[in-house]
Amino acid sequence: MRIETRRRWAIAWLTGPAYLWLAVTIFLPLSAMLYFSFQKKGPFGKHASEFSLKHYEAFFTKGYLQDLMWRSLEMGFHVTGLCILIGFPAAYWLARRIRGRWREALFLLIVLPFWSNALVRVFSWTIVLRPDGVLDRAVQSVIPGLPAIDLTDSYPAIIIGLVHSYLPYMILTCFLSLQAIDESLLEAARSLGARSWTILVRIILPLAVPGLAAGSILIFVPVIGSFFEPRLLGGPKGTVIGTVIEEQFTVVSNWPLGGALSFILLAIVLLILAVAAPVLKNHMRTT
Amino acid sequence: MRISGMIASALLAAAVAAQPLAAAEVRVLNWQGYGTDEAWGVEAFEAATGHTVVHDYFNSEQEMLTKLRTSPGAYDVVLINSAFTIQAAEEGLIQPIDSAAISNFGDLSPGLRDAAEFRLDGDLYGVAWTWGLTSIAYDTEEVDPGNSIEILWDPAHAGNVAVRDDSVENVYLAALATGQNMNAPEDLDAIRQKLRDLKPQIRTFWSSEDEWNKEFAADAFDVAVYWSGSASRSAKAFGLPVGYLIPKEGAIAWLDGLSLAAGSANPAGALQFIDYMVSPDHFVRWDTEVGAPASANGVAMNQLPEDAFNRQVLGDPAATANLQFMAPLSDETRETFLEIWEETKAWYAE
């Protein structure tokens, strides 16, 4: 009995700080925002609090909000897809082909963008992508006389900036999965006559699914809520649900609508994860 | 002019010497680079009064209100656009001003000085300082401006127009273009349609004066919505070929006032600072050396050189006959305007 009580105390002492930390940093702000999203008006000015569903209704009655939500999801799929296409081969190469000091150097290059401010990265891209910018000049110096390359204020510019920002997540998560693959599995496959393509598709890819999934989630979730990359790189083409949410807070102090749109975004993310989870689980079991 | 400036400084110094005052800080809340923080002005004021001037800045009117709300007593002088003065007064963020303490008060243009936007229950809450327009700037080397706001929608300038990513400004412009009272537009669908029609015209959104100048210099656009004070600076300080159009349909006019923050620790110093800011002495040097918006002080405007942008463009009575001054907007109206603009932007992005 006494040991039992003591153990309980020990658990409470050991886990308590972590739960307290989670409660203070995540649960409290989030529940405050959830509360505001069901209010008629925001926290400023003198008015009584009044329950209202109108900000959630707004999403379902206003077509342009749904269009923008869809646009953000599309943007998330494009960025995640490109990160897989570029990040997986890069991780494979790093994990299975490169050894020793070179690998450390390449890792440093991959992680380096993380050490710079995200805004600085985005502004650097505007310098690269504008007419007479770095990209334009480089291309012109190789093939003179080409029409000027101007990617400013365009959808491709947003995708380029976002892929550059989030690619390291995919490389790092895939690297961990790929490095853990037992070399003897591949040797066994080879000794049984499997070609490289078969080995890649039947053995390596399935075993790398956890890394691909983790990387995709780490990228997809922040990208669909992103706002300053689309705004700065997209200009008039850069309106997404993230910029609308940001403007509710910064332009009109409409916390309730901003909060409601954020929670709808969160619900959609959870829905996508809920749909994807069984598929992933199933996939891992059969292989 | 220099002599008159010296006389004014001497008068200011004399006025200060007449009253026993403890030197203290005057803490000013304003947009960065907007007149009050010109180094020579701060030095002249500090030399004349012994007060030290400390600046803090905001990047939006909402941020200004938030700073006043969350740090009561942290500021003495605050710049407030006349559309927000009554709201700030009602929230108790600023306090009434005794106009007798402002020696230049009598020289301010009556239409601006006595604007209803500065008064609540008969008390004065803002001293008219500067005014200006949001209208259309164009490249004088490439564009024949005509006299209509329709220049923004002219297919000749398709893909060559820039506007600011600002809901209120764009809804106002569309209201003017559709012949409505911009402060109380009734036909919102006409405004929606007018803004949608702008899609083929728009080259980019600009967000700061610096960006506007760089993009204009790089020939990114020929016609753009711009602020009159900024256009004056672009032409004068940067030598850009910028012309400024006040269309026959009217233009958006704004009026900025200087207010006394509630809980000010140094109200006397704050009023001295406001008085110096609205003086011809400060304005003439500000406009000649840096480029300024129009002064609410009529005497100051008349002291500008004949060819000054402010005297030429904003001094023309015919051009300024159709101005519409920005009135306070309710939260609901702001939300409606933002919704219209976001819906339009969603259409631009398609």
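Residues numbered from 1 in each chain as written. Chains lettered and ligands numbered in written order. Predicted model: local features only at pLDDT ≥ 70, side-chain atom pairs only at ≥ 80, totals over all residues. Heavy atoms only, no water.

## Some details on the overall build of chain A
Helix and strand counts for chain A stand at twelve helices and zero strands. Tracing chain A from N to C terminus, the helices and strands come up as α-α-α-α-α-α-α-α-α-α-α-α. Here the C-alpha radius of gyration of chain A, 24 Å, is well above what a compact globule of 287 residues would show, namely 19 Å. Its C-alpha atoms give chain A principal-axis dimensions of roughly 80 × 75 × 35 Å. A burial count over chain A gives 37% of its 287 residues as buried. Contacts spanning at least 24 positions in sequence make up 67% of the contacts within chain A whose residues lie at least 6 apart. About 16,900 Å² of surface is accessible on chain A, with carbon and sulfur atoms providing 71% of the total. The positive charge centre, built from 25 side chains, and the negative charge centre, built from 16, are 9 Å apart in chain A. (Helix = DSSP H or I, 4+ residues; strand = E, 2+ residues; numbered from the N terminus. Rg over C-alpha atoms; globule rule 2.2 N^0.38 Å. Buried < 20%, exposed > 50% of the residue type's maximum accessible area, 1.4 Å probe, protein only. Contact = heavy atoms within 4.5 Å. Areas by Shrake-Rupley, 256 points an atom, 1.4 Å probe, with all protein chains shown as cover. Lys, Arg positive; Asp, Glu negative; His and termini not counted. Charge placed at Lys NZ, Arg CZ, Asp CG, Glu CD.)

## A closer look at the confidence of the model for chain A
Per-residue confidence for chain A gives a mean pLDDT of 89, with 97% of residues at or over 70. Per-residue pLDDT, averaged within each element of chain A, yields its smallest value for helix 6 (residues 134-142) of chain A (85) and its largest for helix 3 (residues 63-96) of chain A (95). (pLDDT = per-residue confidence, 0-100.)

## Brief notes about the domain arrangement of chain B
All names here are of chain B. By domain assignment, chain B separates into domain 1 (2-129 + 255-306) and domain 2 (132-253 + 323-349). The straight-line distance from the C-alpha centre of domain 1 to that of domain 2 is 29 Å. With 13 residues of domain 1 at the interface, the matching set in domain 2 holds eleven residues. Of the roughly 1,000 Å² buried between domain 1 and domain 2 on both sides combined, carbon and sulfur atoms contribute 54%. Seen at the junction of domain 1 and domain 2, the total is zero salt bridges. If you look at where domain 1 meets domain 2, you find zero residue pairs in polar contact (both at pLDDT 80 or more). Mapped onto the side of domain 1 that touches domain 2, the elements with two or more residues apiece are helix 4 (82-90) and helix 11 (280-290). Looking at the side of domain 1 that touches domain 2, its residues break down into seven nonpolar, four polar and two charged. (Domains from an automatic or database assignment. Buried area = accessible area lost by both parts, 1.4 Å probe. Salt bridge = Lys/Arg side-chain N within 4 Å of Asp/Glu carboxyl O. Polar contact = N/O pair within 3.5 Å; in protein donor to acceptor, adjacent residues only side chain to side chain. Nonpolar A, V, L, I, M, F, W, Y, C, P; charged D, E, K, R; others polar.)

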